[in-house]
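Residues per chain, in single letters:
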Amino acid sequence: MRERGLNLCHLCHKFIHKKFSEKELGRNYNNLDSLISDPLIKKYAIWASKQK
């Protein structure tokens, strides 16, 4: 798992870890598509993409 990952800003990284544990991320949300399938993460990603 240490060889895989996404490049995220600090705030996005922090937000995701508030919702999911390391184990959950590794088992269930180990790629962008599965992560974005969560409604709250998707909503945050849309909001964050509009920020400068």
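Cut-offs and rules
- Residues numbered from 1 in each chain as written.
- Predicted model: local features only at pLDDT ≥ 70, side-chain atom pairs only at ≥ 80, totals over all residues.
- Heavy atoms only, no water.
- 1 Å grid on protein atoms, 1.4 Å probe; cavity = no way out; pocket = protein on both sides within 12 Å on 5 of 7 lines; lining within 4 Å.
- Points joined across faces, edges and corners; volume = space filled by probe spheres on them.
- Helix = DSSP H or I, 4+ residues; strand = E, 2+ residues; numbered from the N terminus.
- Nonpolar A, V, L, I, M, F, W, Y, C, P; charged D, E, K, R; others polar.
- Disulfide = S-S within 2.5 Å.
- Buried < 20%, exposed > 50% of the residue type's maximum accessible area, 1.4 Å probe, protein only.

Caption draft 1: Quick look at the layout of surface pockets. Estimated volume of the second largest pocket: approximately 160 Å³. Along the wall of the second largest pocket there are 13 residues; nearest its centre are Leu8, Cys12, Ile16, Ile36 and Ala45. Those elements that provide at least two residues to the lining of the second largest pocket are α1 (10–19), α3 (32–36) and α4 (39–49). Its residues assigned to classes, the lining of the second largest pocket comprises 12 nonpolar, one polar and no charged.

Caption draft 2: Quick peek at the state of the cysteines. According to the stated counting rule, one finds zero disulfides in the structure shown. The thiol of Cys9 is not disulfide-bonded; the next cysteine sulfur, from Cys12, is found 3.4 Å away. Cys9 sits in the partly exposed class, given a relative accessible area of 42%.

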